[in-house]
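Structure at a glance
What follows is the residue order along each chain.
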Number of protein chains: 2
Amino acid sequence: MTETRLIETIHSRLRRLGIAQGNGVIAGIGDDCAIFRQRGAASDLIFTTDMMHEGVHFTWDADPRDVGHKALTRSLSDCAAMGARPLFCLLALAFPGESTQWVNGFYNGFTALARKHKVILAGGDLANTANISCDVMVCGEVPRGQALLRSKARPGDAICVSGPLGRAALALDTRSRYLPNAKLAFGELLRRMGVKCAMDLSDGLSLDLARLCIASNCAADLDDVPIAKGATLQHALHGGEDYELLFTLPPKIAAPKGARVIGRIVKGPSGRVNFHGQPLPPQGWDHFRPQ
Amino acid sequence: MTETRLIETIHSRLRRLGIAQGNGVIAGIGDDCAIFRQRGAASDLIFTTDMMHEGVHFTWDADPRDVGHKALTRSLSDCAAMGARPLFCLLALAFPGESTQWVNGFYNGFTALARKHKVILAGGDLANTANISCDVMVCGEVPRGQALLRSKARPGDAICVSGPLGRAALALDTRSRYLPNAKLAFGELLRRMGVKCAMDLSDGLSLDLARLCIASNCAADLDDVPIAKGATLQHALHGGEDYELLFTLPPKIAAPKGARVIGRIVKGPSGRVNFHGQPLPPQGWDHFRPQ
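The structure contained in this document is the topic of the report that follows. (Residues numbered from 1 in each chain as written. Chains lettered and ligands numbered in written order. Predicted model: local features only at pLDDT ≥ 70, side-chain atom pairs only at ≥ 80, totals over all residues. Heavy atoms only, no water.)

Considering the environment of Asn 131 of chain B
Take Asn 131 of chain B: it is sitting in the loop between strand E5 (120-128) and strand E6 (133-143). Sequence-wise, Asn 131 of chain B and Val 56 of chain B are 75 residues apart; in three dimensions their C-alpha atoms are separated by 11 Å. In contact with Asn 131 of chain B, not counting residues within four places along its chain, are Asn 131 of chain A together with Glu 54, Ala 94 and Phe 95 of chain B. (Helix = DSSP H or I, 4+ residues; strand = E, 2+ residues; numbered from the N terminus. Contact = heavy atoms within 4.5 Å.)

Pasting the structure below:
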């Protein structure tokens, strides 16, 4: 079972039980963040949570400051994808009791990034475990009804990315250091320009674009993918963890500075992505795809 | 280094960096939940996050439905301790890809409890790891300024618990099944009665009462601790995971039905707890206390 299928199974169950939406939650599973609307408030709140596990998302020999930076970046990037401003986070961290120095480095990286983006660390949880893992929840705010959604792409929209792709995959291949950054200012810019549809590229363009198309019930034709310096086309098409933004522009909106048009949203089977006229199967990162 | 000390170190760092409070977060690290106040909203929102790890909080052979139930109960109990009503949760779950049946049982237990308390499961994260772990974030609401706090105990208050203690520790000792429940209705009742000070008993009375006294800068005299059937005094004084509520009553408020007065808040060294006149060292659960 793939991750996408597993999430759909869970989502169906929640709908059946009547706990998929309500209590102010106006959008639950299925986008980068959940959206919550509090009575009387001018802004919507968005929520996301992202785990990292030693051996899956990082190795023991990685600089702990980089791991802390990346742990927060993953959730901030979901926030950017909604066009939201991050307000605060919660950090759950599990580690072997004796790894005090590692933990100190992790907090250095995490809090330096939190400070840079003025994100409050409001609470968390600690546990003593054999392997290191963490989970970061971020809450952000966005003007009421203006969150960018995966489901808002329409045939005729231009498909864009916020920058060249494949840098993280290249770094993984060459075992070099690469610190991604969440495109928070860019996400807010898109929202102010009137863009409606965006998501972040965490699992690779081929997989994430297919997800966007499924959410919007449309297809995509790709023709031009900007490749990061030194990376290959494979890195750019399928590599995860770039944390660039993927978004679509209706004809009346011009691409903002720094963005690259890479194709077009078209009518077609939900989720089908073509690259230069040939089907591009989703090969990005899926935790549960059978090998 | 103990968990308490570690949290204090982290908190100091956040204050120094200016990311301990702000952006609407009016109470961060140091209570059962963080408190967030959104402009224009009539209610405050409270946030908590709790992890569970295989081998630390449960074993592989535990009924997965019980593990799912317990995972949500831990966070709901923090919500109860604030006198809040839970609204929604996020669930991050990591497990070996092949353990589909276990995961199904976990979701059964988790969603059954969510449904019972009308808690929306708004989103989450999944990962494929060798060992099972989860992290549950719960958001609740409480009328503005009315959240119950650890820091509101005053000398002269009666110390109370919502029920007999030691049941979870007894179950652990006898390897029998015990499913705790979050005291949500009781927490809301306390708030409506005008109670100001509460916390949940997750790590054992001796440790948790010391924490409450430190937060309130006072001491406590215990004389009568209700012991669950079959449990010992040690279970009741030091056993964790009962998830009863610990709270204090000013002289003008009578104890609600079901509650037991167990002692009195007094002036004295911050955090000192006496039991029948003798110092009661905190011996509850601490993830990081040197053995």
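And the narrative resumes.
Observations concerning helix H6 (residues 205-216) of chain A
Residues and elements named next belong to chain A. Taking 1.5 Å as the rise per residue, H6 with 12 residues should run 16 Å; its terminal C-alpha atoms sit 16 Å apart, in good agreement. Counting buried residues along H6, 10 of its 12 residues qualify, which places the element largely inside the surrounding structure. Just downstream of H6 lies Asn 217, where phi reads positive at about 55°. (Expected span 1.5 Å × (residues − 1). Buried < 20%, exposed > 50% of the residue type's maximum accessible area, 1.4 Å probe, protein only.)

Things to note about the pattern of salt bridges
All names here are of chain A. With the rule as written, the count across this model stands at 30 salt bridges over all chains. One salt bridge in this structure joins Arg 37 and Asp 44, with 2.8 Å as the shortest N-O distance. The exposure class of Arg 37 is partly exposed, given its relative accessible area of 24%. We note a salt bridge from Arg 85 to Glu 141, for which the minimum N-O separation is 3.1 Å. One end of the pair, Arg 85, is in strand E4 (residues 85-95); the other, Glu 141, is in strand E6 (residues 133-143), and 56 residues separate them in sequence. What makes Arg 85 partly exposed here is its relative accessible area of 35%. Members of the salt-bridge network, linked through shared partners, are Asp 31, Asp 32 and Arg 150. (Salt bridge = Lys/Arg side-chain N within 4 Å of Asp/Glu carboxyl O.)

Quick look at helix H5 (residues 184-193) of chain B
All names here are of chain B. Those residues of H5 that fall on the buried side of the exposure criterion are Leu 184, Phe 186, Gly 187, Glu 188, Leu 190 and Arg 191. The inward-facing, buried residues of H5 contact helix H2 (64-81), strand E4 (85-95), E6 and strand E10 (245-249). Of the residues flanking the end of H5, it is Gly 194, one or two places downstream, whose phi is positive at about 95°.

A word on the packing of aromatic side chains
Tallying each qualifying case throughout the model produces 19 aromatic pairs over all chains. Ring centres of Phe 106 of chain B and Phe 110 of chain B lie 6.0 Å apart, and the angle between their planes is 20°; this geometry places the pair in the stacked category. One end of the pair is Phe 106 of chain B and the other is Phe 110 of chain B, both in helix H3 (residues 100-116) and four residues apart, which spans about a single turn. Like Phe 110 of chain B, Phe 106 of chain B is buried. Aromatic ring contacts, followed pair by pair, group Phe 36, Phe 47 and Phe 88 of chain A together with Phe 36, Phe 47 and Phe 88 of chain B into a single cluster. (Phe/Tyr/Trp six-rings, centres within 6.5 Å; stacked < 30°, edge-to-face > 60°.)

Some thoughts on empty space enclosed by the protein
Tallied over the entire structure, the rule returns one cavity of 30 Å³ or more. Roughly 60 Å³ of internal volume is contained in the largest cavity. Surrounding the largest cavity, Met 51, His 53, Ser 133, Cys 134 and Asp 135 of chain A together with Met 51, His 53, Ser 133, Cys 134 and Asp 135 of chain B form its lining. Here the residues of the lining of the largest cavity sort into four nonpolar, four polar and two charged. (1 Å grid on protein atoms, 1.4 Å probe; cavity = no way out; pocket = protein on both sides within 12 Å on 5 of 7 lines; lining within 4 Å. Points joined across faces, edges and corners; volume = space filled by probe spheres on them. Nonpolar A, V, L, I, M, F, W, Y, C, P; charged D, E, K, R; others polar.)

What about the relation of the copies chain A and chain B?
Its rotation angle being 180°, the transformation that places chain A on chain B also includes 0.0 Å of axial translation and leaves an RMSD of 0.0 Å. What we have between these two chains is a two-fold relation. Both copies contact each other with a shared surface, as 100% of the interface residues of chain A are interface residues in chain B too. (Least-squares fit on C-alpha atoms with pLDDT ≥ 70 in both.)

Brief notes about the interface of chain A and chain B
Residue-level contacts link 68 residues of chain A with 68 residues of chain B. Interface area for chain A against chain B, summed over the two sides, is near 5,400 Å², with a carbon-plus-sulfur share of 67%. Counting the contacts that link chain A with chain B gives zero salt bridges. Between the two partners, chain A and chain B, sit 18 residue pairs in polar contact (both at pLDDT 80 or more). Looking at the side of chain A that touches chain B, the elements that each hand over two or more residues are helix H1 (3-17), strand E2 (34-36), strand E3 (43-53), E4, helix H3 (100-116), strand E5 (120-128) and E6 of chain A. (Buried area = accessible area lost by both parts, 1.4 Å probe. Polar contact = N/O pair within 3.5 Å; in protein donor to acceptor, adjacent residues only side chain to side chain.)

A word on the environment of Phe 186 of chain A
Residue and element names in this part refer to chain A. One can find Phe 186 in helix H5 (residues 184-193). Since its relative accessible area comes to 14%, Phe 186 is described here as buried. Spatially, the C-alpha atom of Phe 186 lies 9.5 Å from that of Ala 259, the residues being 73 residues apart in sequence. Dropping the residues within four chain positions of it, Phe 186 is found in contact with Ser 162, Leu 245, Phe 247, Pro 256, Lys 257 and Ala 259.

Digging into the side chain of His 11 of chain A
Mapping His 11 of chain A onto the fold places it in helix H1. Beyond its immediate chain neighbours, meaning those up to four positions away, His 11 of chain A contacts Ala 20 and Ile 29 of chain A.

A closer look at the state of the cysteines
Residue and element names in this part refer to chain A. Counted under the stated rule, the structure contains zero disulfides over all chains. In this structure Cys 139 is not part of a disulfide, and its nearest cysteine sulfur, from Cys 79, lies 8.0 Å away. According to the relative accessible area criterion, Cys 139 is buried, its value standing at 0%. Cysteine Cys 218 shares no disulfide, and the gap to the nearest cysteine sulfur, in Cys 213, comes to 4.3 Å. Its relative accessible area of 1% is what places Cys 218 among the buried residues. (Disulfide = S-S within 2.5 Å.)

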